[in-house]
Amino acid sequence: MALARFGRQVKRQHGVCVKMTAVAILGLCFIFVWSMFSSPSNSVTVQRESFDDIAEPVASSTIVSKSKGKDIEKHDANDNKKKVESSLKKKDEKKVNGSLPLPAHEHKSGKNNEKHVSKRKKDKDKSKLSNEVSKENQENQEQEESQGEEAEKENEDEEEVVVDDKEEGLDGESEEKGEMEGDADVDESVDQETQEMVENENEGKKRQIKGPVFDPKAHYSWKQCSTRSKHNYIPCIDVESGFTRLHGYRHRERTCPKAPPMCLVPLPHDGYDSPVHWPESKLKVLYKNVAHPKLAAYMKNHNWLIKSGEYLMFPQNQSEFKGGVVHYLESIEEMVPDIEWGKNIRVVLDVGCSDSSFVASLLDKDVLTLSLGLKDDLVDLAQVSLERGFATFVSPFARRSLPFPSGVFDAIHCGRCTIPWHAHEGKLLLEINRILRPGGYFILSTKHDSIEEENAMNTLTSSICWNILAHKTDDVSEVGVKIYQKPESNDIYVLRRRINPPLCKENENPDASWYIPMKTCLHTVPSAIEQHGTEWPEEWPKRLETYPDWLNNKEKAIDDTKHWKDIVDKSYLTGLGIVWSTIRNVMDMKATYGGFAAALLQQKIWVMNVVPVHAPDTLPFIFERGLVGIYHDWCEPFGTYPRSYDLLHADHFFSRLKNRCKHPVSIVVEMDRILRPGGWVVVRDKVEILDPLEAILRSLRWEIRMTYSQNKEGIICAQKTIWRP
């Protein structure tokens, strides 16, 4: 009966439409079955299969439309088509050789990408089947595709790379995350992720208008964070679940709360005073600013730091190394004369951050050392290093890559090291090999080496073709020092008898490091002229103003340097009211080419250049200049202790978020956490962002020192007070 009725309908006036509808439905069914069982080997997500262990991001926006359903469906089909084209184009431009500017990392897991690509492919095929009815519609589709490609070419010249609105900051291992107590009571009348579909009368097309970054009508009521770590709270490292309450509050991997903390970290119980200013802080800091329950016990067995009255003192003639750190550094230069501190060796990574006197002595030699405070450092020596005014960050070092590009450190040091480098297929040492510059030095000192561990270490270093330049036990310091050198070319890898560890695949980006598992393979040494790391940088300080051949857009880098030198000299140093003699630790929250840090170099400060993971990857060039930096996704808290920085700089930072983060206000809360009381914030952005931002800062009881606006853009200079609710 139904088939007969369907046949009679076919013979009617609209029978052709029914036929085409039936064909389209059958075609969609076939495409759905094919996409479910087909291999993803031909998908654009093949290179992302290694990211499957990462938690899938959550959509950050909801579309609210006043148009008809048919118009929304048409817009979604066109939008999906453009996203596929954008994904294909980004794949072609994927950074393999380290050239600039390109996105630093991809965040989506392979499964998540495959799901979205399959959906987009079905939508595209559905549109294709419908357009077969009319040649004119097909020509219109081709015209829209060409216009989409032209728009993408125009976007390539922009400073930032726009990511898919559904890409969010990763939550890490979701099963171990818990909601934070003491969240802020936020009354938001308008959701910042809300998007409206409006019609452009001139072009007759649909475009998206995103809501404001900050809701100007929101009101905030702040509370203190209620956590076990209290005034030393690091949200993505201090994890408090039912299991960790029994085994300590620190975690084996970076794991952020499901919802970003919207609470304020309290001050230490004994109060907080303005830090000792540089350079006095090299010799002493206020004890109550860094007091930790285990610090007093640690000082009993280590004479390089002592408590004297209200201060924590660092005697110059005392060090973790017997005989003093100066003697230790001189012995290294004697062992390997090619190591010239402050000349060819400018950027150093100190793994473990046990004795910050090592960093202080290298600083006297014009060496910028970035200390890695390991998450299991319960004494909080990394906080002591930051209080002294040294470049330091906190991160686990277990299963994920460190947030640095490949081949950027001139030397890496591990003093009195107890890290089992040979364990777990040697992946920790392979990670060190990834970030060490070709021809760079790995300096390892140990107190007592067991024969088994020494043999395992020798086997591992031989398998990755490291050359032992020197091995000596110093009579004064009583520590054994080994100095290794990384190969400068790939020729030696071919001569290996055992190909273990194997070489990494050519399509694996060695610079990808944000939430990327450590590899158990060996990245090859860059050899092409357009790759960073093929040549050793110029000696310091010449390398600061040197622009290598592999750098794309040299003109932009040169202009960036001149731009920030003019702004710093003519405005920042004299016009903001900042007392620069009190500034030592500075963070550039959205660094580009390091021009801001270079302009402040004469002020005897150091700058942490943060390159957002969704921005062009300029971090290799920042290291090439002899500066330091790190990758970070600002949808998550930063890896450092509270009260770490004296000044935060954000140049068009919030307007470039592109509505990536669900709660942009949490970034302001994070700024409050990592900034010292009395510290400064300088924000340059659009007026539509600065106005509600000023209201948020006032709700935190910050003092607005200066505001200025012109041509719809402006600047806010604010100072954090010691006030707490």
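Going along each chain's sequence as written, the residues are numbered from 1 onward. Predicted model: local features are reported for residues with pLDDT of at least 70 only, side-chain atom pairs are reported and counted for 80 or more only, and whole-chain, interface and lining totals are derived from all residues. In computing side-chain values, all of the structure's heavy atoms are included and hydrogens and water are not.

Under an unreviewed UniProt entry, the name given to the protein is Methyltransferase, and the source organism is Gossypium hirsutum. Its UniProt record gives the protein a comment under Sequence similarities (unreviewed entry), which states: "Belongs to the methyltransferase superfamily." UniProt positions are given in the numbering used here, feature names are shortened, and annotations may be inferred rather than shown by experiment.

Trainee: Now, about the nonpolar core: what can you tell me, with residues and values included?
Mentor: Within the largest apolar cluster, 122 residues are counted, with the highest numbers of intra-cluster contacts made by Phe409, Trp421, Phe442, Tyr572 and Phe654. With six residues, the single largest contributor to this core is helix α18 (residues 665-674). Residues are treated as being in contact if the distance between any of their heavy atoms lies within 4.5 Å. With residues near it in sequence (within four places) discarded, Trp421 still touches Phe397, Cys414, Gly426, Leu428, Leu429, Ile432, Phe442, Leu444, Met457 and Leu460. To define a nonpolar core, start from buried Ala, Val, Leu, Ile, Met, Phe, Trp, Tyr and Cys residues and group those joined through side-chain atoms within 4.5 Å. Any residue under 20% of the maximum accessible area for its type is buried, any over 50% is exposed, and the rest in between are partly exposed; the area is computed with a 1.4 Å probe on protein chains only. Membership of the second largest hydrophobic core comes to 25 residues, among which are Val336, Ile339, Trp341 and Val348. Helix and strand assignments follow DSSP, with helices taken as H or I runs no shorter than four residues and strands as E runs no shorter than two, numbered in order from the N terminus.

Trainee: Can you tell me about helix α12 (residues 427-435), naming the residues and giving the values?
Mentor: In terms of burial, α12 is a largely internal element, nine of the nine residues being buried. Within α12, the full set of buried residues consists of Lys427, Leu428, Leu429, Leu430, Glu431, Ile432, Asn433, Arg434 and Ile435. In this structure, the buried residues of α12 make contact with β9 (347-351), β12 (409-414), β13 (436-446) and α13 (451-463).

Trainee: Go over the packing of aromatic side chains with me, naming the residues and quoting the values.
Mentor: To pair, rings of Phe, Tyr and Trp, with the six-membered ring standing in for Trp, must have centres within 6.5 Å; the planes then decide the type, stacked if under 30 degrees apart, edge-to-face if over 60, and tilted in the middle. For the coordinates displayed, the defined rule picks out 25 aromatic pairs. With centroids separated by 5.7 Å and ring planes inclined at 75°, the aromatic side chains of Trp564 and Phe596 adopt a geometry described as edge-to-face. With Trp564 in helix α15 (residues 554-575) and Phe596 in helix α16 (residues 595-599), this residue pair connects regions lying 32 residues apart in the sequence. Above the plane of the ring of Tyr311 lies Lys284, whose end atom (NZ or CZ) is 4.3 Å from the centre. Any Lys NZ or Arg CZ found within 6 Å of a ring centre and within 35 degrees of that ring's normal is scored as a charge over the ring. One Lys or Arg, Arg584, reaches over the ring of Trp278 and ends 3.6 Å from the middle of that ring.

Trainee: Tell me about the confidence of the model for the protein, residues and numbers included.
Mentor: For every residue, the predictor reports its confidence as pLDDT, a number between 0 and 100. Summary statistics for the protein give a mean pLDDT of 77 and a share of 70% for residues scoring 70 or more. Confidence over residues 38-79 falls short of pLDDT 50; this stretch has 84 contacts with residues more than four positions distant or in other chains. Within the model, pLDDT remains below 50 along residues 81-209, and this stretch shows 291 contacts once partners closer than five positions in the same chain are excluded.

Trainee: With reference to specific residues and values, describe unusual backbone geometry.
Mentor: The step from Trp278 to Pro279 runs through a cis peptide bond, and the omega angle for that step is 5°. Looking at where Pro279 falls in the secondary structure, it is placed in the loop between α6 (244-247) and β6 (284-286). Here the amide bond leading from Trp540 into Pro541 is cis, since omega sits at 5°, within 30 degrees of zero. Positioned with a positive phi, Asn553 is a non-glycine residue whose angle comes to about 55°. Position of Asn553 among the secondary structure elements: in the loop between α14 (491-494) and α15. Residue classification places Asn553 among the partly exposed positions, given a relative accessible area of 31%.

Trainee: Which residues make up the state of the cysteines, and what values do they have?
Mentor: Throughout, disulfides are identified as pairs of cysteine sulfur atoms within 2.5 Å of each other. One pass over the structure, following the stated rule, counts five disulfides. Paired by a disulfide, Cys236 and Cys256 hold their sulfur atoms 2.0 Å apart. Taking the torsion about the S-S bond as the criterion, the Cys236 to Cys256 disulfide, at about 105°, is right-handed. On the criterion of sequence distance, the pair formed by Cys236 in the loop between β5 (219-221) and α6 and Cys256 in the loop between α6 and β6 is long-range, its members being 20 residues apart. Among the residues examined, Cys256 registers a relative accessible area of 1% and is labelled buried. Between the sulfur of Cys414 and that of Cys417 lies a disulfide, 1.9 Å long from S to S.

Trainee: Can you tell me about the side chain of Asn433, naming the residues and giving the values?
Mentor: Mapped onto the elements, Asn433 comes out in helix α12. Polar contact criterion, stated in full: a pair of N or O atoms within 3.5 Å, where within protein one must be able to donate a hydrogen and the other to accept it, and residues adjacent in sequence count only if both atoms are side-chain atoms. Looking at Asn433, its side chain comes within polar contact range of the side chain of Trp466, at 2.9 Å. In contact with Asn433, other than residues within four places in its own chain, are Trp466, Lys486, Leu522 and His523.

Trainee: Break down the sheet that holds strand β21 (residues 703-710) for me, with residues and values.
Mentor: Being paired, for any two strands, means DSSP has found at least two bridges between them. Strand order in this open sheet of seven strands is β18-β17-β16-β19-β20-β22-β21, and the pairing throughout is mixed. The strands lining the two open edges of the sheet, one partner per strand, are β18 (628-632) and β21. Shown here is a sheet whose adjacent strand axes are inclined to one another by a mean of 15°, direction ignored. Pairing of strand β16 (residues 585-588) with strand β19 (residues 645-651), which is carried by three bridges, proceeds in the parallel orientation. Across the sheet, the residue bridging to Asp588 is His649, located in β19. Across the sheet, α15 lies against β19, β20 (675-686), β21 and β22 (713-719), angled at about 130° from β20, the strand it touches most. Helix axes are fitted to C-alpha atoms over the stretch in contact, other axes to C-alpha atoms as well, and angles between N-to-C directions run from 0 to 180 degrees.

Trainee: Summarise the sheet that holds β9; cite the residues concerned and give the values.
Mentor: On the basis of which strands lie adjacent, the open sheet formed by seven strands has the order β11-β10-β9-β12-β13-β15-β14 and mixed pairing. Here the strands that pair on one side only, and so sit at the sheet edges, are β11 (392-395) and β14 (467-473). For this sheet, the mean angle separating the axes of adjacent strands, direction not counted, is 20°. Two strands pair when backbone bridges link them, and β9 and strand β10 (residues 368-374) are joined in this way by five bridges, in the parallel orientation. The partner of Val351 across the bridge, within β10, is Leu372.

Trainee: Which residues make up empty space enclosed by the protein, and what values do they have?
Mentor: Only protein atoms enter the 1 Å grid used here. Points where a 1.4 Å probe fits but cannot escape make up a cavity, open sets with protein on both sides within 12 Å along at least five of seven lines make up a pocket, and a residue lines them when an atom lies within 4 Å of a point. Grid points are joined across faces, edges and corners, and a volume is the space filled by probe spheres set on the points. Under the defined criterion, the tally for this structure stands at five cavities of 30 Å³ or more. Computed from the structure, the largest cavity encloses a volume of approximately 250 Å³. Surrounding the largest cavity, 19 residues form its lining, Arg254, Ser395, Pro396, Pro403 and Trp514 being those nearest its centre. Charged residues are taken to be Asp, Glu, Lys and Arg, nonpolar residues to be Ala, Val, Leu, Ile, Met, Phe, Trp, Tyr, Cys and Pro, and polar residues to be all remaining types, Gly included. Tallied by class, residues from the lining of the largest cavity come to eleven nonpolar, five polar and three charged. Volume-wise, the second largest cavity comes out at about 120 Å³. What lines the second largest cavity is a set of 16 residues, and nearest its centre among them are Pro261, Pro637, Ser666, Val669 and Glu670. When the residues that make up the lining of the second largest cavity are grouped by side-chain class, the tally is twelve nonpolar, one polar and three charged.

Trainee: Help me get a handle on helix α10 (residues 356-363), residues and values and all.
Mentor: For α10, a buried count of seven out of eight residues is recorded, marking the element as mostly surrounded by other parts of the structure. Residues Ser356, Ser357, Phe358, Val359, Ala360, Ser361 and Leu362 constitute the buried set of α10. Those residues of α10 that are buried are in contact with α9 (325-335), β9, β10, α11 (381-388) and β12.

Trainee: Let's hear about a negative patch on the surface: which residues, and what values?
Mentor: Among the surface-exposed residues, Asp338, Glu340, Glu535, Glu538 and Glu539 lie close enough to one another that they form a single negatively charged patch. Residue placement: Glu539 occurs in the loop between α14 and α15. Patches here: salt-bridge-free residues with over 30% relative accessible area, like charges joined within 9 Å, nonpolar side chains (Val, Leu, Ile, Met, Phe, Trp, Tyr) joined within 5 Å. Each accessible area is a Shrake-Rupley result for a 1.4 Å probe, and residues are judged covered by the shown protein chains and nothing else. Just to be clear on terms, a salt bridge is a Lys or Arg side-chain nitrogen sitting within 4 Å of an Asp or Glu carboxyl oxygen. Neither His nor the chain ends is counted toward charge; the positive residues are Lys and Arg and the negative residues Asp and Glu. The atom standing in for a charge is NZ when the residue is Lys, CZ when it is Arg, CG when it is Asp and CD when it is Glu.

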